[in-house]
Structure formats: C-alpha cells, structure tokens
Amino acid sequence: MKKILFFAAMFLAIAAQAQHSPSEDNAIETCEMQLNEKLNFMLDGSFANENVLFKEIAKLRPCGLDEFDVNFFGNMDVFNTMLARISKEKKVEQMTFNDLYTEIVKFKKADVYKEIREVTIASERLGETVGNIENWSQDLALFESLGASQDVINKVYNYLSTHVDNEKTYKEILGLLKKQS
C-alpha cells in the first residue's frame, strides 16, 4: 500500500510540474495542421479504395487515434456512415479533417463503439495467447465473455487436455479445430 501511495504521489508531483514535451508539442501541432486540411481524397475519387481511406484516417493518429481506431474508422461502411452525417451540414468541397475527426469523437463515445472495441481487443488478445491447460480457467472467462459456444469451449478444452505441452496460440488451435470439423 505504501508503494502505491508513493507512486501516486510521484505521479501527481510530476504531472503538476510537467509541461508538454517537444514530441507532444509536435503531435499537437501536426494534429492541428491536419484538422485544417480539406478532405481532398473525397474530391479526386480515391477514397473508394479502402487502402487510401485507411491511409487518410491514419493521418489523424497525432490527434489521438490508435491502431484500432484507424482500422475501425478506415472501414468503408463506417466511413460512409460518418460521411452521411457530415454531408447533411456541409458540401464535400467544404469538408475538412476536423469535420471527420469531430464525427469520430462522437462515434467513439457511443456504447456500441466501446463494446465493439472491447470485444475486438479481447478477441485479439485471446488469439495471441498460447493455450495452456494450467491457465484454462482464466482463458475460459475470456472465451465466455466473447460469446463462444459451449461446443467450441469443449473442443478447445479437450485439445488442451490432450496436448499438455501445447505451444499454439488460441487462434492457431481454433484454426486447427475448424479444419478437423
């Protein structure tokens, strides 16, 4: 408990004295410049290519978007939903990255986004985890939280029971089980 209080006090002291680091200042400046840019990719028609869309959304990373955000909002269906909302107020020629970013921020506050993000991240984490019968109770909780069927859970458990020296990730195990079905 003393260690926790010590680290909390240190964090507060550092935070009180902290100013933006040069890299933070640069990110803020880069973000502000990007937000003022027009959505030119909308005018030249290149946004129809999902790779271009992904690269354009990625330009908002300095504004706080992470890899999950870029992948999610770089999806054509999600982008078109946001575009429909923005276009109610502005013509395409007038749209800036700020308009897009504002819509992204609104979307990120929605419960459905939070749920999708949570499930996706948990799924990715589980997929990267090496299956181990000794940790099964912890991993089982993740499978259940992701809504895995009892049949899938039983198959994974049976696999781990018969492969006690398993070195495969759950993603690999599920792929293997799918091929066997």
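Structure shown above.
Each chain carries its own residue numbering, running from 1 in the direction its sequence is written. Where totals are concerned, whole chains, interfaces and linings use all residues; where local detail is concerned, this predicted model gives features only for residues with pLDDT of at least 70, and gives and counts side-chain atom pairs only at 80 or more. Side-chain measures here rest on the full set of heavy atoms in the structure, leaving out hydrogens and waters.

## Notes on the overall build of the protein chain
Each helix and strand in the protein chain was counted, giving eleven helices and zero strands. For the exposure calls, accessible area comes from a 1.4 Å probe over protein chains only, and a residue counts as buried if that area is under 20% of its type's maximum, exposed if over 50%, partly exposed in between. Counting the 181 residues in the protein chain, one finds 28% classified as buried. Counting only carbon and sulfur atoms, one obtains 54% of the accessible surface of the protein chain, whose full area is about 12,200 Å². Helix and strand definitions here come from DSSP, where helices need a minimum of 4 consecutive H or I residues and strands a minimum of 2 consecutive E residues; each element is numbered from the N-terminal end. All accessibility values rest on the Shrake-Rupley procedure with a 1.4 Å probe; residue burial counts only the protein chains present in the view.

## Brief notes about helix α10 (residues 150–162)
In this analysis, the expected span of each helix is defined as 1.5 Å times one less than the number of residues it contains. In a regular helix each residue adds 1.5 Å, so 13 residues correspond to 18 Å; α10 covers 18 Å between its end C-alpha atoms and thus fits that length. Turning to α10, its buried residues are Ile 153, Val 156, Tyr 159 and Leu 160. The arc that holds the buried residues of α10, viewed along the axis, is 130°, so those residues lie on one side. Comment: arc refers to directions from the helix axis out to C-beta atoms.

## Observations concerning helix α11 (residues 170–180)
Residues Tyr 170, Ile 173 and Leu 177 constitute the buried set of α11. Taken around the axis of α11, the buried residues stretch over an arc of 60°, which confines them to a single face. Seen from the open side of α11, the exposed residues pointing more than 90 degrees away from its buried face are Lys 171, Lys 178 and Lys 179. It only takes one pair of heavy atoms within 4.5 Å for two residues to be counted as in contact. In this fold, the buried residues of α11 make contact with α8 (111–128), α9 (136–145) and α10.

## What to know about the packing of aromatic side chains
The relative placement of two aromatic rings is captured by the distance of their centres and the angle of their planes. Stacked, edge-to-face and tilted are the three classes for Phe, Tyr and Trp ring pairs, Trp counted by its six-membered ring, which pair at centre distances within 6.5 Å; planes under 30 degrees apart are stacked, over 60 edge-to-face, the rest tilted. Inspection of every chain in the model, using the stated rule, returns 14 aromatic pairs. Between Phe 72 and Tyr 113 the ring centres are 5.1 Å apart and the planes differ by 75°, which places this aromatic pair in the edge-to-face class. Of this pair, Phe 72 sits in helix α5 (residues 67–73) while Tyr 113 sits in helix α8; the two residues are 41 residues apart in sequence, bridging distant segments of the chain. Residue classification places Phe 72 among the buried positions, given a relative accessible area of 13%.

## Focus on the pattern of salt bridges
The term salt bridge refers to a side-chain nitrogen of Lys or Arg lying within 4 Å of a carboxyl oxygen of Asp or Glu. As enumerated under the stated definition, the model contains nine salt bridges in all. Because the salt bridges share partners, they merge into one network encompassing Asp 66, Asp 69, Lys 108 and Arg 117.

## Observations regarding the nonpolar core
We define a nonpolar core as any set of buried Ala, Val, Leu, Ile, Met, Phe, Trp, Tyr and Cys residues linked to one another through side-chain atoms lying within 4.5 Å. In this structure, Ile 57, Leu 60, Phe 73, Phe 79 and Leu 100 are the most contacted members of the largest nonpolar core, which totals 27 residues. Elements that contribute at least two residues to this core include exactly α2 (22–36), α3 (40–43), α4 (50–58), α5, α6 (76–86) and α7 (97–109). In terms of residue count, the dominant contributor to this core is α6 (six residues). Formed by twelve residues, the second largest nonpolar core is a distinct cluster that contains Leu 126, Leu 142, Phe 143 and Ile 173.

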